[in-house]
Amino acid sequence: MRRSPIQKMVRLAMLTAAGILLQLIESFFPVVMIVPGYKLGLANIVGLYALYSFGLREMVIVTLLRIVLAALGQGTLFSVAFMLSMAGGTLAICAMAAAYKSKIFSIYGVSVAGAAAHSIGQVAAITIIYQQYFMQLYLPILVALSIVSGLCIGLLTHSLLKRMPMDKRQAAV
């Protein structure tokens with residue numbers, strides 16, 4: 001069944017709102033780790049869901065809107081935290097798009113690629129902003145943690161895709 005453009009826009013707006021909510025909720029519960037700034041990335045469930053149910057263009061729109069609107073809601077628009085989120089999100093979008101288009105990776109591989117790229121983007125941004133090159137020492141730990149969180153996000157999204165109807169059916173999720 002084909003949905004109207006307005007139905008699609010409403011679903012994308014709801015996905016964006018869900019992503020903002022997940023990002024805000026996650027910001028209230030800092031993960032105490034050895035590595036500063038590490039988060040699970042629960043809001044990435046929404047971007048991954050948008051990718052597999054709507055497509056690449058829609059994932060980019062939902063993810064970038066989520067980052068900007070969540071920063072606006074938290075009062076951190078154009079702050080260092082926003083710049084880190086935008087750098088990580090942009091690199092994650094590129095990595096997920098490449099992994100998805102290659103048709104080699106499952107949803108788990110796409111998710112891990114996005115999570116690892118997000119960490120790389122944030123470390124690159126913090127290095128550029130503060131000229132603190134020692135932050136690159138955290139990169140191996142962040143990438144290792146990203147693999148775990150990427151697998152968890154992939155599992156949650158895969159489960160969500162099986163339970164909720166999609167607009168665009170993918171043969172191999």
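In the block above lies the structure referred to throughout.
Residue indices follow the written sequence of each chain, beginning from 1 at its first position. Given that this is a predicted model, residues contribute local features only at a pLDDT of at least 70 and side-chain atom pairs are listed and counted only at 80 or more, while totals for whole chains, interfaces and linings are drawn from all residues. The basis for every side-chain value is the complete set of non-hydrogen atoms in the structure, without hydrogens or water.

K.L.:
I'd like to hear about the nonpolar core, residue by residue, with values.
P.N.:
As used in this record, nonpolar core signifies buried Ala, Val, Leu, Ile, Met, Phe, Trp, Tyr and Cys residues forming a set joined through side-chain atoms within 4.5 Å. For each residue, the accessible area found with a 1.4 Å probe, counting protein chains only, is set against the maximum for its type, and the residue is called buried under 20%, exposed over 50%, and partly exposed in between. Judged by nonpolar contacts, the single largest core of 20 residues is most densely connected at Leu15, Leu48, Leu51, Tyr52 and Val110. Numbered from the N terminus, helices here are DSSP runs of H or I no shorter than four residues, and strands are runs of E no shorter than two. Among the secondary structure elements, those contributing two or more residues to this core are α1 (5-28), α2 (44-53), α3 (56-74), α4 (80-102), α5 (107-130) and α6 (139-163). If one sorts the elements of this core by residue count, α2 sits on top with 7 residues.

K.L.:
How would you summarise the packing of aromatic side chains if you had to cite specific residues and measurements?
P.N.:
Working definition: rings of Phe, Tyr and Trp (its six-membered ring) pair if their centres are within 6.5 Å, and the pair is stacked with planes under 30 degrees apart, edge-to-face with planes over 60 apart, and tilted otherwise. In total, this model carries 2 aromatic pairs according to the counting rule given. Geometrically, the ring pair formed by Tyr52 and Tyr100 is edge-to-face, given 5.1 Å between the ring centres and 85° between the ring planes. Taken as a pair, Tyr52 in helix α2 and Tyr100 in helix α4 lie far apart in primary sequence, 48 residues in all. One exposure class covers both Tyr52 and Tyr100, and it is buried. We call a charge positioned above a ring when the Lys NZ or Arg CZ atom is no farther than 6 Å from the ring centre and deviates by at most 35 degrees from the ring normal. One cation-aromatic arrangement involves Lys103 over Tyr100; the distance from NZ or CZ to the ring centre is 5.4 Å.

K.L.:
Run through the pattern of salt bridges, naming residues and quoting values.
P.N.:
The rule for a salt bridge is simple: a side-chain nitrogen of Lys or Arg has to be within 4 Å of a carboxyl oxygen of Asp or Glu. Counting across every chain of the model gives 1 salt bridge. Notably, a salt bridge pairs Glu58 with Lys8, separated by 2.4 Å at the nearest N-O pair. On the criterion of sequence distance, the pair formed by Glu58 in helix α3 and Lys8 in helix α1 is long-range, its members being 50 residues apart. Given a relative accessible area of 29%, Lys8 falls into the partly exposed group.

K.L.:
Could you give me a rundown of the environment of Ile141, with the residues and numbers involved?
P.N.:
If you trace the backbone, Ile141 turns up in helix α6. On a C-alpha basis, the gap between Ile141 and Ser119 in space is 9.8 Å, while along the polypeptide they are 22 residues apart.

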